[in-house]
Structures are given as C-alpha cells and as structure tokens.
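Chains, contacts and geometry: an overview
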Amino acid sequence: MKQLSLTPGTVTLADLRDVWAGAPIELAPAAWQAIDAASEAIARIVASGRTVYGVNTGFGLLAQTRIPADRLAELQTNLILSHSCGLGEALEPRVVRLIIALKAIGLGRGHSGVRRIVVERLLALLEADALPVIPAQGSVGASGDLAPLAHLAAAMLGEGLIQLGDELLPAGQALARLGLEPLQLGPKEGLALINGTQVSTALALDALFAGERVFASALLAGALSTDALKGTDAAFDPRIHAARGQPGQIDVAEVLRGLLEGSEIRRSHDSCERVQDPYSFRCQPQVMGASLDLIRAAARTLEIEANAVTDNPVLFPDADDSLSGGNFHAQPVAFAADMLAMALCEVGSISERRTAVLVDPKMSGLPPFLIEDSGVNSGFMIAQVTAAALVSENRTLAFPASVDSIPTSAGQEDHVSMATHGAMKARRIAANAAGVIGVELLAAAQGIDFHAPLTSSPPLHATWTAIRADVPRHDRDRYLAGDLAWAKRTVLDGGLSGDVERRLFAR
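In what follows, the accompanying structure is described. All of these numbers come straight from a predicted model, not from anything done at the bench.

A word on the packing of aromatic side chains. Under the counting rule described, the total for this entry stands at two aromatic pairs. Ring geometry for F215 versus F505: centroids 6.1 Å apart, planes at 80 degrees, classification edge-to-face. Of this pair, F215 sits in helix 9 (residues 198-228) while F505 is found in the segment after helix 21 (498-504), placing the two residues 290 residues apart along the sequence. Comparing F215 with F505 shows no difference in burial state: the two are buried. We note R473 situated over the ring of F450; from NZ or CZ to the ring centre the distance is 4.9 Å.

Turning our attention to helix 3 (residues 72-83). Here helix 3 spans 17 Å end to end across twelve residues, near enough to the 16 Å set by a 1.5 Å rise per residue. Buried within helix 3 we find L72, L75, Q76, L79 and I80. Along the axis of helix 3, the buried residues cluster in a sector spanning 130 degrees; they form a single face.

This part covers the nonpolar core. The biggest cluster of nonpolar side chains holds 149 residues, and the ones touching the most others in it are L16 and F215. Looking at which element gives the most residues to this core, the answer is helix 9, with 19 residues. Those residues in contact with L16 that lie beyond four places of it in its chain are V11, L98, L102, I105, L205, F209 and A306.

Per the stated rule, a full pass over the model turns up 25 salt bridges. The salt bridge involving R239 is made with D237; its shortest N-O contact spans 2.8 Å. Owing to a relative accessible area of 65%, R239 belongs among the exposed residues under this scheme. Each of E92, R94, D206 and R427 takes part in salt bridges that share partners, so that together they form one network.

Attention shifts here to the packing of helix 9 against helix 20 (residues 481-493). Where helix 9 meets helix 20, the closest approach of the two axes is 7 Å, and the angle between their N-to-C directions is 115 degrees. Where helix 9 approaches helix 20, its residues A210, R213, V214 and S217 are matched on the opposing element by V491, L492 and D493. The class makeup of the residues in the contact of helix 9 with helix 20 is four nonpolar, one polar and two charged.

Going residue by residue along strand 6 (residues 161-164), you find I162 and L164 tucked away on one face and L161 and Q163 left uncovered on the opposite face. In terms of strand pairing, strand 4 (residues 130-132) meets strand 6 through three bridges, oriented antiparallel. The residue of strand 6 that forms the bridge with A130 is L164. In this sheet, strand 7 (residues 167-170) lies alongside strand 6 in antiparallel orientation, the contact comprising four bridges. For Q163, the partnering residue across the bridge sits in strand 7 and is L168.

This paragraph deals with the sheet that holds strand 6. Strand order in the open sheet formed by three strands is 4-6-7, and the pairing between neighbours is antiparallel. Strands at the two margins of the open sheet, each flanked by one partner only, are strand 4 and strand 7. Strand-to-strand twist of the sheet, defined as the mean angle between neighbouring strand axes without regard to direction, takes the value 30 degrees.

When two helices pack together, their arrangement is given by the angle between the helix axes and by the axis-to-axis distance. Contact geometry of helix 18 (residues 419-449) with helix 19 (residues 458-470) gives a least axis separation of 10 Å together with a crossing angle of 105 degrees. Regarding the angle of helix 18 to helix 19, the classification is roughly perpendicular. When helix 18 is examined against helix 19, the residues L441, L442, A445, Q446, I448 and D449 are found in contact with a partner set consisting of T463, W464, I467 and R468. Taken together, the residues of the contact of helix 18 with helix 19 sort by class into six nonpolar, two polar and two charged.

Now for unusual backbone geometry. Trans peptide bonds make up the majority, and among non-glycine residues the majority have a negative phi. Between N312 and the following residue, P313, the backbone shows a cis peptide bond with an omega angle of 0 degrees. Even without a glycine there, the phi angle at K230 is positive, about 55 degrees. With respect to the helices and strands, K230 occurs in the loop between helix 9 and helix 10 (238-244). Its identity as a non-glycine residue notwithstanding, L370 has a phi of 60 degrees, on the positive side. Along the chain, the position of L370 falls in the loop between helix 16 (361-364) and helix 17 (381-397).

For the rest of this paragraph, the subject is empty space enclosed by the protein. Tallied over the full model, the rule gives two cavities of 30 Å³ or more. Size it by volume and the largest cavity reaches roughly 50 Å³. F380, L442, Q446, R468, V471, P472, H474, R478, L480 and D483 are the residues that line the largest cavity. The space that makes up the second largest cavity amounts to roughly 30 Å³.

Analysis parameters
Residues numbered from 1 in each chain as written. Predicted model: local features only at pLDDT ≥ 70, side-chain atom pairs only at ≥ 80, totals over all residues. Heavy atoms only, no water. Phe/Tyr/Trp six-rings, centres within 6.5 Å; stacked < 30°, edge-to-face > 60°. Helix = DSSP H or I, 4+ residues; strand = E, 2+ residues; numbered from the N terminus. Buried < 20%, exposed > 50% of the residue type's maximum accessible area, 1.4 Å probe, protein only. Lys NZ or Arg CZ within 6 Å of the ring centre and 35° of its normal. Expected span 1.5 Å × (residues − 1). Arc of directions from axis to C-beta. Core = buried A, V, L, I, M, F, W, Y, C linked by side-chain atoms within 4.5 Å. Contact = heavy atoms within 4.5 Å. Salt bridge = Lys/Arg side-chain N within 4 Å of Asp/Glu carboxyl O. Axes fitted to C-alpha atoms, helices over the stretch in contact; angles between N-to-C directions. Nonpolar A, V, L, I, M, F, W, Y, C, P; charged D, E, K, R; others polar. Pairing = 2+ DSSP bridges. Parallel < 35°, antiparallel > 145°, perpendicular 65-115°, else oblique. 1 Å grid on protein atoms, 1.4 Å probe; cavity = no way out; pocket = protein on both sides within 12 Å on 5 of 7 lines; lining within 4 Å. Points joined across faces, edges and corners; volume = space filled by probe spheres on them.

Now the structure itself:
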C-alpha cells in the first residue's frame, strides 16, 4: 500500500482505515518541528529547576514528591516497568498498528515534550512490522490507557515481547534483530508514552471499521430478504423519509431503493394485494437509519480523538508552560464505543427478525425453513436459532460501559471512563452481528432461489451470484457450520458490501 504522510491534527478516518489495513506511515515535516520545539522546552524547564508534574515529581498520589535531577531517567524507566501489568489475550496486529500510529500522531502535535528519537522509534517498529505484545486487559480508561501503553513503551526499552513477522521474540532480541538499541528515556518521556487514550481509541476504531462493514452488509441482506419475501418497496419512498427529516433514515431508504431497483421479482407482484410488510422489513430505514446516525456520531468523536493531545501535563513550548489537566480521561471514547455497541446490537436484532420471517412459511409463503422436503430436512431451522443466540448475547453486552466507574490509585483517580472495556464490548458485538447478518444473507439467497427463473435487481443478483460461487443451494440437509463461517467472514471482510459502504461512510 502507498505510504501515508500524516499531519497530526488533520488525520482523517480514511487515513486511519488505511493504517488499520496495514498502510505504512510517515509524519509530515511540520510535526517534527513541533516535536523538537516541545523537547527543547522540556530541556529549558529542567535546567530552570522548576517543579513540574511528571518531569521531576512522582506520579498520581505521589505527585508531591520531588525527584532529584540525577534520578529523572530512573523515574521514567520505573514508571514503564511498574505499569506493565496487563493481563488477557494479546491485542490483534491491526489494533496494535493503530495504537502505535495514534501515539505517534499525539506526540507529533508538539505538546508532549518527547525527543525526536522516541517518535522515530515508534515509526521504526511500525515500518518493520515489529509489534509489541499488548495484553487486552488492564485499562479503566483514565490517566490514559496506562497498563497497555506501558507494554508498548516497555518493548521500546527491550522489555516484554515483540511479534516480528511470524516470530514471537523477547523485545531486546527483536530490537537487536532490527539494529536498534533499547531506548533510554529522558524527562517526561515515560509519562508521555503511557498517558493517553490511544488504546481505547484504537479499539473503538476497530469496532467502528468492522461495524461499517457489518452495517453495509446488513443493508444488502435486508434488501435481498425483501425480494425473497416478495415484499414491497413502497415503504422506501423518499417522500416518507423527507417528511420525517432524519438524515440516516433518508440515506438508508435511498440505498434500499437503489438496491431493489430493476428487480424482476419485485415487478412480478406489482398487482398483489399486500400493502404492508412486517416491521423488520418495512421499518428498515427508520431502525437502520437511526443506527447509522449513531455510527456517524461515534465516528466524528473518534476522528477528533485520534488527533488529540491526551497525555498530561500538556506542554505549551511558546511560553514554556506545563499545565496539568485531564485530557487522558477517555469519556468521549467511552460514549462513542457505547453508541457503536447499541447501534450494532440493533442492526443484528432486526436482521435476525427478518431471517425468522423467511423461515416461517406462514409469514413468508416460502417452504418451511427454506428447504424442500421439510420434515426429513430441517433446512435453516437451527441457523436461525444461532442468529437468535448471538442477538441475545449482544443485548447483554450492549449495556453501557460508560455509566460505570471505579476509583483507582488510592482515590486520586476517583472517576474513570471504562472506555477500553466499552470498546472491547463493541468489537464483540460487531463480530456477533456479522454472524447474524451472515445467516440472513444465506437465508435470503435461498429464498431468492425459490423465485427462479425470476431474478433480483442487478446489484442484488450480483450479491446472490457471489454467495452461490462459494455456498451452493441448500437442497437437502448438510453440514452448515462452514457455510455460516464463510458468511460471517465475508461480512467482516466487506467482500460483498464495498459499494454500499463507500456510499454511506466518509472516505
């Protein structure tokens, strides 16, 4: 992929999607000037003998403890080692790439005071695909994502583990393989590396980017199901949605109209007496549109946060001011993650209801459980049960993490965001919803088969063709787990939904 030149403060979601997909990055020249200016300001502050939090003091409850000049490097190193307390599974490479890029972007704003070599080392790891092993658990989303970011920083010091290509190596050994010396930290550099919301933001972005694919695939599935049901597209008339005025609803209705336009199946029942379909079909613009508005709102928050200065204290080099605040508190990310969780939970919920309609001959007019010779064959009976199980799990997971808080650090950090937990839940909800929508895509394709030789619209026929290229028609019972796994993977890969995704989400 083409190398991206990122200007901290103006990085876009499109840039971040490319980083998520593995694109190499560099920082624009202006960023290096800002980094140097902030580093020089820290040097002046240290030389002046001023007491500045995080530069020559302890941390948290120990902030009143003054640290002598000859122990400042020890202070920063001990901070990293003592905070490397994560547990759980290692974060996926795509998420670690985002974390490293986001940390470089934040430091590149020039308000952190690190030396140029710190950011160069981050970019060197990214360029070499040398990814520190970062445990997923241990952050409450305030004072920064302290534990997971400490594991990132520790790898730069030669501690912990680094995944180098296909090899999992001790960090010191991996650095030596790359010709890099373990980093020696200067004043404030350890604190700048572990303060910040980069882990929770990267996790939320991972949920967002997966969620965009899930959402677009759900619209394809919903349109295909509408044709399989021989449903009406009258409910997607633009006048209905303009009268309400909700932007997501208007956009979803437009996409659904475009997906169904030109369907032979739709034209075949122009004169039928049915005037209304079940809500899961008829109200797609209203439900999916509201979800789209939430996803877009979360995306705006996360784009801002990706460019933000979120460590503490915040340095202003023009006046050599170092101001202690709370930009590390990840409440905006927590709310964004919870919005994604709720939106994607509903996307899966309404999809499962459409599948339930299709497998019910009383509702759909199709063979029971979408298979001939039912009774001997069970068809999609248990595929729908699997979708229902995933929806139920998502409803439990969708309870907001952002309303929770637990005091830490001897009460100094007495209100926290739980953003990392919220983002982890949102990712799981997205994966579950992908499974639900995968089931619907297979069920809808099976429903379309029963209307042959009539075909759906050109875009929906292309979707049906792509499904049938890998999953044959379900003529009699067979082992279905492989088909469901293929469908879920295809949803998460965006293999069917690229055109819809590009229409709905900013690029």
